[in-house]
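# Chain and residue survey
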Amino acid sequence: MKRKLAILLVGTMIASTILAGCGAKGSDSTKQEESGELKGDITFWHSFTQGPRLEVIQETADQFMEENPGVHIEIETFSWGDFYTKWTTGLASGNVPDMSTALPGHVVEMMDADALEPVDDLIDDIGRDKFSEAALSEGEKDGSCYSLPLYSHAQVMWYRKDLLQEAGLTVPKTWDEFAEAAKTLTKDGVYGCSFPCGSNDLMATRFLNFYVRSGGGSLLTDDLKANLTSDLAIDGIKYWLDIYENCSPKDSVNYAVLDQANLFYQGKTAFDFNSGFQISGVETNSPDLVDQIDCAPLPKINESDPDYGAETSNIPMVVWKNSEHPGICKAFMKKLYEKDTYIKFLDATPVGMLPSISGISDTAEYKENETVQKFSNAVNVITDAMDKGTAIGYEHGPSVQAGLLTSQGIIESMFQDIITNGTDVEKAAKSAEDQLNELFSAVQ
């Protein structure tokens with residue numbers, strides 16, 4: 001309920017509240033930034049909670065402050081779920097940072113609330129042609145860009161090569177093959193595939209989206225209504241319920257993203273769906289299994305169906321409109337894209353974070369990373385999926401509805417209702433669809 005109230009607050013935010021925060025921008029700050037002198041304090045919220053990339057961000061901030069003695073950067077980290085709650089509840093009071101990372105779905109809600117500063121000048125300074133049009137369009141409104149991607153990745157199918165080989169199985173290409181393989185490999189303390197549907201995350205929405213996109217469908221209609229009762233969506237719901245029943249730990253009814261990933265990291269699942277972040281997770285938790293993992297494209301309904309990408313994530317940065325020092329924010333962001341700094345950041349989670357700007361992946365410095373070399377197949381598979389996919393719901397273009405689809409836990413609660421209470425699939429799907437459409441109507 002808190003999350004629903006938060007988003008309704010954003011949807012009905014009075015513009016003057018935001019503009020009042022903007023009034024804090026001082027002329028002295030503007031003059032300093034125009035003269036090239038940077039002076040002031042900024043707060044940067046990000047969700048890079050893992051050690052290596054958190055450390056690179058802090059090191060870059062320390063270097064930036066050394067180069068600009070008048071600047072102080074205060075960094076705070078939040079999980080993606082906590083970040084969403086933090087900014088939605090803090091928006092009315094102005095308790096938001098100067099700059100932050102975000103998810104694509106967050107950005108459309110932020111733009112809808114008129115909470116962001118345009119960053120076209122920064123994009124042009126870095127080089128607009130270095131960014132893909134699709135990535136920039138995720139933060140575009142009325143001809144202005146309000147976000148720029150820091151790194152990119154896509155969801156693909158990860159698998160254990162050794163377990164498939166021992167069972168005499170090939171890499172699944174269809175959902176039927178996947179289900180058969182997952183059921184076969186559910187033995188000896190290993191689950192074929194965990195199905196996560198914790199209501200504080202988007203994982204069940206993600207998995208359902210895989211199936212629906214593979215059939216050429218969408219979880220949103222062309223006119224941006226929820227689409228959970230189509231034949232394809234109902235088939236997808238039943239498919240994942242079957243996986244849950246036959247291949248998954250029963251606790252996964254409450255799993256969030258890290259709970260899900262940890263099973264694969266620890267060698268307890270044969271298959272999982274994720275980005276290249278799986279590699280570093282396995283290296284940290286089960287280094288003896290690193291040579292036994294690889295990825296492949298997401299399964300199809302029929303092998304002859306066209307290739308597709310179900311979910312591409314271009315993880316952006318934004319400057320908040322109430323910042324007194326947008327120039328400092330943009331200057332610091334620009335530093336993150338300097339070649340040596342950018343490659344060091346990407347190398348903090350190699351293959352997990354792929355470049356969002358051109359001219360990096362072909363450099364000798366980027367190519368010399370051992371993980372990039374070792375998992376060259378994964379890089380190719382993920383890159384191909386990136387080129388074919390969008391953020392969830394963005395196949396119709398960026399929209400607040402797409403953001404709400406993934407941020408409210410409604411699809412996850414639907415699956416929990418069916419699993420825990422035995423509610424009829426069609427009835428539960430219709431109820432979830434109605435809940436989403438009620439939320440959508442509040443922001444139209």
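Please refer to the structure higher up on the page.
Remember, it's a predicted structure, so these values are computed and weren't measured experimentally.

### Concerning the packing of helix α13 (residues 257-265) against helix α14 (residues 277-285)
Two numbers describe how α13 lies on α14: the axes approach to 8 Å, and their chain directions differ by 60°. The orientation of α13 with respect to α14, classified from their angle, is oblique. Crossing of α13 against α14: the hand is right-handed. Along the contact surface, α13 presents Ala261, Phe264 and Tyr265, while α14 presents Phe277, Gln278, Gly281, Val282 and Asn285. Classifying every residue of the contact of α13 with α14 by side-chain character gives five nonpolar, three polar and no charged.

### Some remarks on the packing of aromatic side chains
Inspection of the entire model under this criterion finds 30 aromatic pairs. For the pair Trp45 and Phe78, a centre-to-centre distance of 5.2 Å together with 70° between the ring planes defines the contact as edge-to-face. Here Trp45, found in strand β1 (residues 40-46), pairs with Phe78, found in the loop between β2 (71-77) and α5 (80-90); they are 33 residues apart in sequence, far enough to count as distant. Look at Trp45 and you get buried, because its relative accessible area is 3%. An angle of 45° between the planes, with centres 5.9 Å apart, marks the rings of Trp175 and Phe273 as tilted.

### Quick notes on the environment of Tyr151
By the secondary structure assignment, Tyr151 is in strand β7 (residues 148-154). In sequence terms Tyr151 and Asn314 are 163 residues apart; their C-alpha atoms lie 5.9 Å from each other. Sequence-distant contacts of Tyr151, that is, excluding residues within four places in its chain, are made with Phe48, Arg53, Phe277, Ser313, Asn314, Ile315, Tyr342, Phe345, Leu346, Met353, Leu354 and Ser356. Engagement of the side chain of Tyr151 in a polar contact is seen with the side chain of Arg53, the distance being 3.1 Å.

### Side note on the pattern of salt bridges
A full pass over the atoms with the stated rule returns 20 salt bridges. One network of salt bridges, in which partners are shared, links Glu67, Lys335 and Glu338.

### Details of helix α21 (residues 410-421)
Given 3.6 residues to a turn, an α-helix orients residues that are three or four positions apart in the same direction. With twelve residues, α21 ought to run about 16 Å at 1.5 Å a step, and its terminal C-alpha atoms sit 16 Å apart, in line with that. Buried within α21 are the following residues: Ile410, Ile411, Glu412, Met414, Phe415, Gln416 and Ile418. Just downstream of α21, Gly422 is the residue with a positive phi angle, here 70°.

### A short note on helix α10 (residues 175-184)
Buried residues of α10: Trp175, Phe178, Ala179, Ala181 and Ala182, and no others. For α10, the angular spread of the buried residues around the axis is 170°, confining them to a single face. Exposed and facing more than 90 degrees away from the buried side of α10 are Asp176 and Glu180. In this structure, the buried residues of α10 make contact with β8 (156-160), β9 (191-193), α11 (203-214), α12 (231-247) and β10 (269-274).

### Regarding the nonpolar core
Nonpolar side chains tend to gather and get buried jointly when the protein is soluble and globular. Ranked by internal contacts, the top residues of the largest apolar core, which has 81 residues, are Phe178, Ile237, Trp240, Phe271, Phe273, Met414 and Phe415. The leading source of residues in this core is α12, at nine residues. Excluding residues that lie within four positions of it along the chain, Met414 makes contacts with Leu228, Ile237, Ala428, Ala429 and Ala432. Ranked by size, the runner-up nonpolar core spans 64 residues in total, among them Val56, Leu136, Trp158 and Ile279.

### Thoughts on the side chain of Asp120
Mapped onto the elements, Asp120 comes out in helix α7 (residues 120-126). Judged by relative accessible area, which is 17%, Asp120 ranks as buried. Residues in contact with Asp120, not counting those within four places in the same chain, are Arg128, Ser144 and Cys145.

### Looking at the sheet that holds strand β11 (residues 293-296)
Pairing in this open sheet of four strands is mixed, and the strands run β9-β10-β8-β11 from one edge to the other. The two strands at the open ends of the sheet, each matched to only one other strand, are β9 and β11. Each neighbouring strand pair of the sheet contributes to a mean axis angle of 25°, computed without reference to strand direction. In the sheet, β8 pairs with β11 via four bridges, with the strands oriented antiparallel. Bridge pairing in β11 places Tyr159 opposite Asp294. Here α10 sits on the sheet in contact with β8, β9 and β10, set at roughly 140° to β10. The sheet strands contacting α14 are β8, β10 and β11, and the helix crosses β11 at an angle near 165°.

### As for the pairing of β8
Successive residues of a regular strand alternate their side chains across the two faces of the sheet. The buried count for β8 comes to five of five residues, which makes it a mostly enclosed element. One ladder, built from four bridges, connects β8 with β10; its direction is antiparallel. Bridge pairing links Trp158 to Asp272 in β10.

### Let's talk about the environment of Thr349
When you line up the elements, Thr349 lands in the loop between α16 (339-347) and β13 (354-355). Along the chain, Thr349 and Arg53 lie 296 residues apart, while their C-alpha atoms are 7.0 Å from each other. The residues touching Thr349, leaving out its near neighbours within four places in the chain, are Arg53, Phe277 and Ser280.

### A short note on the side chain of Asn369
With respect to the helices and strands, the residue Asn369 is situated in the loop between α17 (364-367) and α18 (370-374). For Asn369, a relative accessible area of 13% puts it in the buried group. Once residues lying within four places of it in the same chain are set aside, the contact partners of Asn369 are Asp347 and Pro350.

Basis of the calculations
- Residues numbered from 1 in each chain as written.
- Predicted model: local features only at pLDDT ≥ 70, side-chain atom pairs only at ≥ 80, totals over all residues.
- Heavy atoms only, no water.
- Axes fitted to C-alpha atoms, helices over the stretch in contact; angles between N-to-C directions.
- Helix = DSSP H or I, 4+ residues; strand = E, 2+ residues; numbered from the N terminus.
- Parallel < 35°, antiparallel > 145°, perpendicular 65-115°, else oblique.
- Left-handed = near helix turned anticlockwise from the far one by under 90°.
- Contact = heavy atoms within 4.5 Å.
- Nonpolar A, V, L, I, M, F, W, Y, C, P; charged D, E, K, R; others polar.
- Phe/Tyr/Trp six-rings, centres within 6.5 Å; stacked < 30°, edge-to-face > 60°.
- Buried < 20%, exposed > 50% of the residue type's maximum accessible area, 1.4 Å probe, protein only.
- Polar contact = N/O pair within 3.5 Å; in protein donor to acceptor, adjacent residues only side chain to side chain.
- Salt bridge = Lys/Arg side-chain N within 4 Å of Asp/Glu carboxyl O.
- Expected span 1.5 Å × (residues − 1).
- Arc of directions from axis to C-beta.
- Core = buried A, V, L, I, M, F, W, Y, C linked by side-chain atoms within 4.5 Å.
- Pairing = 2+ DSSP bridges.

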